[in-house]
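Commentary on secondary and tertiary structure
So the chains spell out like this:
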Amino acid sequence: MPARKTPPTKTLKLEGFRNVGEAAVRLGFKTQAEHEAGSTKGERWLRDGCNRPEDGSEGQPFPHHRMNGYLMFSDTDLAEIAAMHRNARTQGARRRRRRLQPAA
C-alpha cells in the first residue's frame, strides 16, 4: 500500500479588523480625537452602504463582515470601499443645461 499523503494545509492570513468608528477614522471621516470624544461622523454612511440590497438597485453594497452581531471591516474591505468611491459624483449632481436666450 502506498503511503498516505496528508492534504496541504491552508495558511490563513488574519487581517486587522476595525469596528465602524475605527473604520471611519481610518477612511478619514473623523480624527482620532473626535472618535474618542464620541463623534459619529461617517459611521452612518458606512452602515447604510453595508445594508444596501444585494441586487444592486441602490448601488453596490460595501464589503464587510459581521462578527458576533457587530459590523466589522478588514483592511482589504476599507481599501475596496475607498476605491469604489474615488472621485465619485456627489448625490444629486447632474449636468446643467443652458437656457436658450429669447430672440429679440
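See the structure above.
Conventions and cut-offs
Residues numbered from 1 in each chain as written. Predicted model: local features only at pLDDT ≥ 70, side-chain atom pairs only at ≥ 80, totals over all residues. Heavy atoms only, no water. Helix = DSSP H or I, 4+ residues; strand = E, 2+ residues; numbered from the N terminus. Buried < 20%, exposed > 50% of the residue type's maximum accessible area, 1.4 Å probe, protein only. Polar contact = N/O pair within 3.5 Å; in protein donor to acceptor, adjacent residues only side chain to side chain. Contact = heavy atoms within 4.5 Å. Pairing = 2+ DSSP bridges. Axes fitted to C-alpha atoms, helices over the stretch in contact; angles between N-to-C directions.

1. Focus on the side chain of Glu43
- For Glu43, the position within the fold is in helix α3 (residues 43-50).
- For Glu43, a relative accessible area of 10% gives the class buried.
- A polar side-chain atom of Glu43 sits 2.6 Å from a polar atom in the side chain of Lys30.
- Setting aside residues up to four positions removed in sequence, Glu43 forms contacts with Val20, Gly21, Ala24 and Lys30.

2. Looking at the sheet that holds strand β3 (residues 70-74)
- Ordered in space as β1-β3-β2, the three strands form an open sheet in which the pairing is antiparallel. The open sheet has two edge strands, β1 (17-18) and β2 (65-67), and neither has a second partner.
- Note: β1 against β3, two bridges, orientation antiparallel. Among the inter-strand pairings, Phe17 is bridged to a residue of β3, identified as Ser74.
- Packing against the sheet, helix α4 (residues 75-84) makes contact with β1, β2 and β3, and its axis sits at approximately 80° to β3.

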